Amino acid sequence: MPTIETHRRRAPEERPTQILDAAFHEFGEHGLAGARLDDIAKRAQVAKGTIYLYFPNKEALFREMVHTTIVAALAEAEASQAESHAETAEAQLRRLGTGWWAFLRTERVQVLQRLVSLELGAFPDLMQFYADEVIARGRRLVAGIIARGVARGEFRDVDPPLAARMFSSIWMSHSTWCARREFFMTLGSDEQVLAEMLEFYLYALRP
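Now for a description of the structure that goes with this document. (Residues numbered from 1 in each chain as written. Predicted model: local features only at pLDDT ≥ 70, side-chain atom pairs only at ≥ 80, totals over all residues. Heavy atoms only, no water.)

**Some remarks on the overall build of the protein chain**
Logical step 1: For the protein chain, the helix and strand inventory stands at ten helices and zero strands.
Logical step 2: Starting at the N terminus, the α and β elements of the protein chain follow one another as α-α-α-α-α-α-α-α-α-α.
Logical step 3: Across its three principal axes, the protein chain shows a C-alpha extent of roughly 65 × 40 × 35 Å.
Logical step 4: Within the protein chain, buried positions represent 43% of all 207 residues.
Logical step 5: For the protein chain, restricting intrachain contacts to residue pairs at least 6 apart in sequence, the fraction spanning at least 24 positions comes to 71%.
Logical step 6: Of the accessible surface of the protein chain, which amounts to about 11,000 Å², a share of 57% is contributed by carbon and sulfur atoms. (Helix = DSSP H or I, 4+ residues; strand = E, 2+ residues; numbered from the N terminus. Buried < 20%, exposed > 50% of the residue type's maximum accessible area, 1.4 Å probe, protein only. Contact = heavy atoms within 4.5 Å. Areas by Shrake-Rupley, 256 points an atom, 1.4 Å probe, with all protein chains shown as cover.)

Okay, here's the thing in C-alpha coordinates:
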(Lines give C-alpha, C1' and ligand atoms only; values in the text may rest on other atoms or scores of the structure.)
Protein backbone atom coordinates (compact mmCIF):
# COMPACT_ATOMS: atom_id res chain seq x y z
CA MET A 1 0.00 0.00 0.00
CA PRO A 2 1.54 3.39 -1.00
CA THR A 3 2.45 5.75 1.80
CA ILE A 4 1.46 9.39 1.90
CA GLU A 5 5.02 10.30 0.90
CA THR A 6 5.11 8.07 -2.18
CA HIS A 7 1.62 9.26 -3.15
CA ARG A 8 2.85 12.86 -3.11
CA ARG A 9 5.89 12.00 -5.24
CA ARG A 10 3.81 10.06 -7.75
CA ALA A 11 1.24 12.72 -8.60
CA PRO A 12 2.14 16.22 -7.34
CA GLU A 13 0.10 17.89 -10.08
CA GLU A 14 -3.00 16.18 -8.72
CA ARG A 15 -2.69 17.60 -5.22
CA PRO A 16 -5.18 20.48 -5.59
CA THR A 17 -7.78 18.11 -7.04
CA GLN A 18 -7.15 15.55 -4.30
CA ILE A 19 -7.53 18.24 -1.66
CA LEU A 20 -10.76 19.54 -3.21
CA ASP A 21 -12.19 16.04 -3.47
CA ALA A 22 -11.44 15.50 0.20
CA ALA A 23 -12.91 18.88 1.12
CA PHE A 24 -16.20 18.01 -0.59
CA HIS A 25 -16.40 14.83 1.49
CA GLU A 26 -15.46 16.46 4.78
CA PHE A 27 -17.62 19.55 4.30
CA GLY A 28 -20.48 17.32 3.23
CA GLU A 29 -20.18 15.21 6.37
CA HIS A 30 -19.25 17.85 8.94
CA GLY A 31 -20.16 21.23 7.48
CA LEU A 32 -17.94 24.23 6.88
CA ALA A 33 -17.50 25.04 10.55
CA GLY A 34 -17.10 21.44 11.70
CA ALA A 35 -14.66 20.18 9.06
CA ARG A 36 -10.99 20.07 10.07
CA LEU A 37 -8.01 20.62 7.79
CA ASP A 38 -6.30 17.66 9.50
CA ASP A 39 -9.10 15.37 8.34
CA ILE A 40 -9.12 16.86 4.85
CA ALA A 41 -5.38 16.23 4.59
CA LYS A 42 -5.78 12.67 5.84
CA ARG A 43 -8.53 11.92 3.33
CA ALA A 44 -6.53 13.55 0.51
CA GLN A 45 -3.44 11.56 1.51
CA VAL A 46 -1.28 14.65 1.80
CA ALA A 47 0.49 16.29 4.71
CA LYS A 48 -1.49 19.06 6.37
CA GLY A 49 1.23 21.54 5.41
CA THR A 50 0.64 20.71 1.74
CA ILE A 51 -2.87 22.13 1.94
CA TYR A 52 -1.46 25.52 2.90
CA LEU A 53 0.59 25.59 -0.29
CA TYR A 54 -2.67 25.86 -2.23
CA PHE A 55 -5.36 26.96 0.23
CA PRO A 56 -4.56 29.14 3.27
CA ASN A 57 -7.79 28.20 5.10
CA LYS A 58 -11.18 26.52 4.80
CA GLU A 59 -12.73 29.66 3.35
CA ALA A 60 -10.29 29.55 0.42
CA LEU A 61 -11.14 25.89 -0.07
CA PHE A 62 -14.85 26.73 -0.20
CA ARG A 63 -14.25 29.45 -2.80
CA GLU A 64 -12.32 27.03 -5.00
CA MET A 65 -15.02 24.39 -4.58
CA VAL A 66 -17.53 26.92 -5.90
CA HIS A 67 -15.24 28.05 -8.73
CA THR A 68 -14.55 24.52 -9.97
CA THR A 69 -18.22 23.52 -9.97
CA ILE A 70 -20.89 26.22 -10.18
CA VAL A 71 -18.82 29.08 -11.59
CA ALA A 72 -17.30 26.77 -14.20
CA ALA A 73 -20.79 25.57 -15.17
CA LEU A 74 -22.03 29.16 -15.46
CA ALA A 75 -19.12 30.06 -17.73
CA GLU A 76 -19.94 27.07 -19.93
CA ALA A 77 -23.63 28.05 -20.04
CA GLU A 78 -22.74 31.65 -20.96
CA ALA A 79 -20.55 30.46 -23.83
CA SER A 80 -23.30 28.12 -25.04
CA GLN A 81 -25.92 30.85 -24.99
CA ALA A 82 -23.63 33.24 -26.85
CA GLU A 83 -23.44 30.71 -29.69
CA SER A 84 -27.18 30.05 -29.90
CA HIS A 85 -28.77 33.42 -30.67
CA ALA A 86 -30.56 31.87 -33.65
CA GLU A 87 -32.62 29.74 -31.27
CA THR A 88 -35.88 30.99 -29.85
CA ALA A 89 -35.72 32.34 -26.32
CA GLU A 90 -38.02 29.53 -25.19
CA ALA A 91 -35.67 26.91 -26.65
CA GLN A 92 -32.76 28.58 -24.89
CA LEU A 93 -34.59 28.57 -21.57
CA ARG A 94 -35.61 24.94 -22.00
CA ARG A 95 -32.02 23.94 -22.70
CA LEU A 96 -30.66 26.01 -19.84
CA GLY A 97 -33.35 24.86 -17.42
CA THR A 98 -32.81 21.20 -18.31
CA GLY A 99 -29.05 21.37 -17.98
CA TRP A 100 -29.15 23.41 -14.81
CA TRP A 101 -31.60 21.02 -13.18
CA ALA A 102 -29.35 18.04 -13.89
CA PHE A 103 -26.41 20.00 -12.48
CA LEU A 104 -28.29 21.02 -9.33
CA ARG A 105 -29.09 17.38 -8.62
CA THR A 106 -25.42 16.31 -8.58
CA GLU A 107 -23.86 15.36 -5.25
CA ARG A 108 -21.29 18.14 -5.21
CA VAL A 109 -23.79 20.88 -5.87
CA GLN A 110 -26.04 19.41 -3.19
CA VAL A 111 -23.14 19.72 -0.73
CA LEU A 112 -22.61 23.36 -1.69
CA GLN A 113 -26.33 24.11 -1.41
CA ARG A 114 -26.42 22.74 2.13
CA LEU A 115 -23.41 24.82 3.12
CA VAL A 116 -24.91 27.97 1.61
CA SER A 117 -28.35 27.54 3.18
CA LEU A 118 -27.23 26.33 6.60
CA GLU A 119 -23.86 27.95 7.30
CA LEU A 120 -22.91 30.85 5.08
CA GLY A 121 -24.83 33.31 7.23
CA ALA A 122 -21.99 32.96 9.74
CA PHE A 123 -19.42 33.77 7.02
CA PRO A 124 -20.50 37.14 5.53
CA ASP A 125 -17.49 37.41 3.22
CA LEU A 126 -18.27 34.01 1.72
CA MET A 127 -21.94 34.87 1.44
CA GLN A 128 -21.05 38.04 -0.48
CA PHE A 129 -18.69 36.04 -2.69
CA TYR A 130 -21.44 33.50 -3.43
CA ALA A 131 -24.01 36.23 -4.07
CA ASP A 132 -21.71 37.96 -6.57
CA GLU A 133 -20.08 34.99 -8.29
CA VAL A 134 -23.04 32.62 -8.44
CA ILE A 135 -26.43 34.19 -7.75
CA ALA A 136 -25.96 37.50 -9.58
CA ARG A 137 -24.11 35.90 -12.48
CA GLY A 138 -26.73 33.21 -12.92
CA ARG A 139 -29.55 35.71 -12.86
CA ARG A 140 -27.82 37.88 -15.47
CA LEU A 141 -27.61 34.87 -17.75
CA VAL A 142 -31.32 34.09 -17.43
CA ALA A 143 -32.31 37.76 -17.60
CA GLY A 144 -30.44 38.13 -20.89
CA ILE A 145 -32.41 35.29 -22.48
CA ILE A 146 -35.70 36.69 -21.23
CA ALA A 147 -34.84 40.20 -22.45
CA ARG A 148 -34.21 38.80 -25.94
CA GLY A 149 -37.51 36.95 -25.79
CA VAL A 150 -39.36 40.13 -24.82
CA ALA A 151 -37.63 42.12 -27.56
CA ARG A 152 -38.58 39.51 -30.17
CA GLY A 153 -42.18 39.33 -29.01
CA GLU A 154 -41.82 35.72 -27.84
CA PHE A 155 -42.52 36.66 -24.23
CA ARG A 156 -44.86 39.18 -22.71
CA ASP A 157 -43.47 42.44 -21.40
CA VAL A 158 -41.98 41.29 -18.10
CA ASP A 159 -39.09 42.68 -16.10
CA PRO A 160 -36.16 40.39 -17.03
CA PRO A 161 -34.27 40.61 -13.69
CA LEU A 162 -37.48 39.87 -11.79
CA ALA A 163 -38.32 36.95 -14.05
CA ALA A 164 -34.77 35.64 -13.64
CA ARG A 165 -35.16 35.76 -9.87
CA MET A 166 -38.33 33.68 -10.15
CA PHE A 167 -36.48 31.15 -12.32
CA SER A 168 -33.73 30.84 -9.73
CA SER A 169 -36.22 30.50 -6.89
CA ILE A 170 -38.21 27.73 -8.57
CA TRP A 171 -35.19 25.65 -9.57
CA MET A 172 -33.31 26.04 -6.28
CA SER A 173 -36.30 25.37 -4.03
CA HIS A 174 -37.28 22.25 -5.94
CA SER A 175 -33.70 21.01 -5.83
CA THR A 176 -33.77 21.38 -2.05
CA TRP A 177 -37.11 19.58 -1.76
CA CYS A 178 -36.05 16.74 -4.06
CA ALA A 179 -32.98 16.19 -1.89
CA ARG A 180 -35.38 15.53 1.02
CA ARG A 181 -38.06 13.51 -0.73
CA GLU A 182 -38.87 11.64 2.46
CA PHE A 183 -40.48 14.87 3.70
CA PHE A 184 -42.04 15.86 0.35
CA MET A 185 -43.82 12.68 -0.71
CA THR A 186 -45.96 14.34 -3.39
CA LEU A 187 -42.96 15.14 -5.58
CA GLY A 188 -42.58 13.02 -8.68
CA SER A 189 -39.35 11.90 -10.29
CA ASP A 190 -36.66 14.40 -11.24
CA GLU A 191 -37.90 14.21 -14.82
CA GLN A 192 -41.49 14.93 -13.79
CA VAL A 193 -40.44 17.84 -11.58
CA LEU A 194 -38.38 19.34 -14.42
CA ALA A 195 -41.31 19.08 -16.85
CA GLU A 196 -43.62 20.76 -14.33
CA MET A 197 -41.20 23.61 -13.68
CA LEU A 198 -40.58 24.28 -17.35
CA GLU A 199 -44.27 24.23 -18.24
CA PHE A 200 -45.25 26.47 -15.33
CA TYR A 201 -42.45 28.96 -15.91
CA LEU A 202 -42.74 29.22 -19.68
CA TYR A 203 -46.52 29.51 -19.50
CA ALA A 204 -46.06 32.56 -17.26
CA LEU A 205 -43.82 34.19 -19.89
CA ARG A 206 -45.85 33.57 -23.01
CA PRO A 207 -47.91 36.46 -24.45
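**Regarding a nonpolar patch on the surface**
Logical step 1: On the surface, W177, F183 and F184 cluster together into a nonpolar patch covering about 320 Å² of accessible area.
Logical step 2: Considering the arrangement of structural elements, one finds F183 in the loop between α9 (160-178) and α10 (190-205).
Logical step 3: Overall, the relative accessible area of 62% leaves F183 in the exposed class. (Patch = residues over 30% accessible without salt bridge, like charges linked within 9 Å, V, L, I, M, F, W, Y side chains within 5 Å. Salt bridge = Lys/Arg side-chain N within 4 Å of Asp/Glu carboxyl O.)

**A word on the pattern of salt bridges**
Two side chains carrying opposite charge are able to pair once their charged atoms lie near each other.
Logical step 1: Inspection of every chain in the model, using the stated rule, returns 14 salt bridges.
Logical step 2: The salt bridge partner of E29 is R43, with a shortest N-O separation of 3.3 Å. Of this pair, E29 sits in helix α2 (residues 15-34) while R43 sits in helix α3 (residues 37-44), and the two are 14 residues apart along the sequence.
Logical step 3: Across the pair E154 and R152 runs a salt bridge whose closest N-O atoms are separated by 3.5 Å.
Logical step 4: Each of the salt bridges in this network shares a partner with another, and the network as a whole consists of R36, D38, D39 and K48.

**Brief notes about the packing of aromatic side chains**
The way to describe two aromatic rings as a pair is by their centre distance and the angle between their planes.
Logical step 1: Summed over all chains, the structure comprises six aromatic pairs.
Logical step 2: On the basis of an interplanar angle of 40° and a centroid distance of 5.2 Å, the ring pair of W100 and F103 is categorised as tilted. Of the two residues, W100 and F103 both sit in helix α6 (residues 89-104), three residues apart, roughly one turn of that helix.
Logical step 3: Look at F167 and Y201: their rings are 5.4 Å apart centre to centre, the planes differ by 75°, and that puts the pair in the edge-to-face class. Of this pair, F167 sits in helix α9 while Y201 sits in helix α10, and the two are 34 residues apart along the sequence.
Logical step 4: Through pairs of rings, three or more aromatic residues link up here, namely F167, W171 and Y201.
Logical step 5: Directly above the ring of F129 sits R63, whose terminal nitrogen or CZ lies 4.9 Å from the centroid. (Phe/Tyr/Trp six-rings, centres within 6.5 Å; stacked < 30°, edge-to-face > 60°. Lys NZ or Arg CZ within 6 Å of the ring centre and 35° of its normal.)

**Points about unusual backbone geometry**
Negative phi is the rule for most residues except glycine; trans is the rule for most peptide bonds.
Logical step 1: Not every positive phi belongs to a glycine, and Q45 is a case in point at roughly 60°.
Logical step 2: Q45 sits in the partly exposed class, given a relative accessible area of 28%.

**Focus: the environment of R165**
Logical step 1: Mapping R165 onto the fold places it in helix α9.
Logical step 2: Considered as a pair, R165 and K48 are 117 residues apart in the sequence and their alpha carbons are 41 Å apart.

**Considering the nonpolar core**
Logical step 1: Core analysis: the biggest nonpolar cluster contains 64 residues, and F62, L93, W171 and Y201 have the highest contact counts within it.
Logical step 2: Where this core is concerned, the elements lending two or more residues are α2, α3, α5 (58-82), α6, α7 (107-118), α8 (124-151), α9 and α10.
Logical step 3: Here this core gets ten residues from one element, more than from any other, and that element is α5.
Logical step 4: Apart from the residues lying within four places of it in its own chain, the contact partners of Y201 are L93, V142, I146, A163, A164, M166, F167, I170 and W171. (Core = buried A, V, L, I, M, F, W, Y, C linked by side-chain atoms within 4.5 Å.)

**Quick look at α9**
Logical step 1: In a regular helix each residue adds 1.5 Å, so 19 residues correspond to 27 Å; α9 covers 27 Å between its end C-alpha atoms and thus fits that length.
Logical step 2: Among the residues of α9, those classed as buried are P160, A163, A164, F167, I170, W171, S173, H174, S175 and C178.
Logical step 3: Along its buried surface, α9 packs onto α6, α7, α8 and α10. (Expected span 1.5 Å × (residues − 1).)

**Structural notes on the packing of α8 against α9**
Logical step 1: Axis separation between α8 and α9 bottoms out at 8 Å; the angle between their running directions is 125°. Accordingly, the angle class assigned to the pair α8 and α9 is oblique. α8 and α9 meet at a crossing whose hand is right-handed. Of the residues in α9, those touching α8 at R139, V142, A143, I146 and A147 are P160, P161, A163, A164, R165, F167 and S168. (Axes fitted to C-alpha atoms, helices over the stretch in contact; angles between N-to-C directions. Parallel < 35°, antiparallel > 145°, perpendicular 65-115°, else oblique. Left-handed = near helix turned anticlockwise from the far one by under 90°.)

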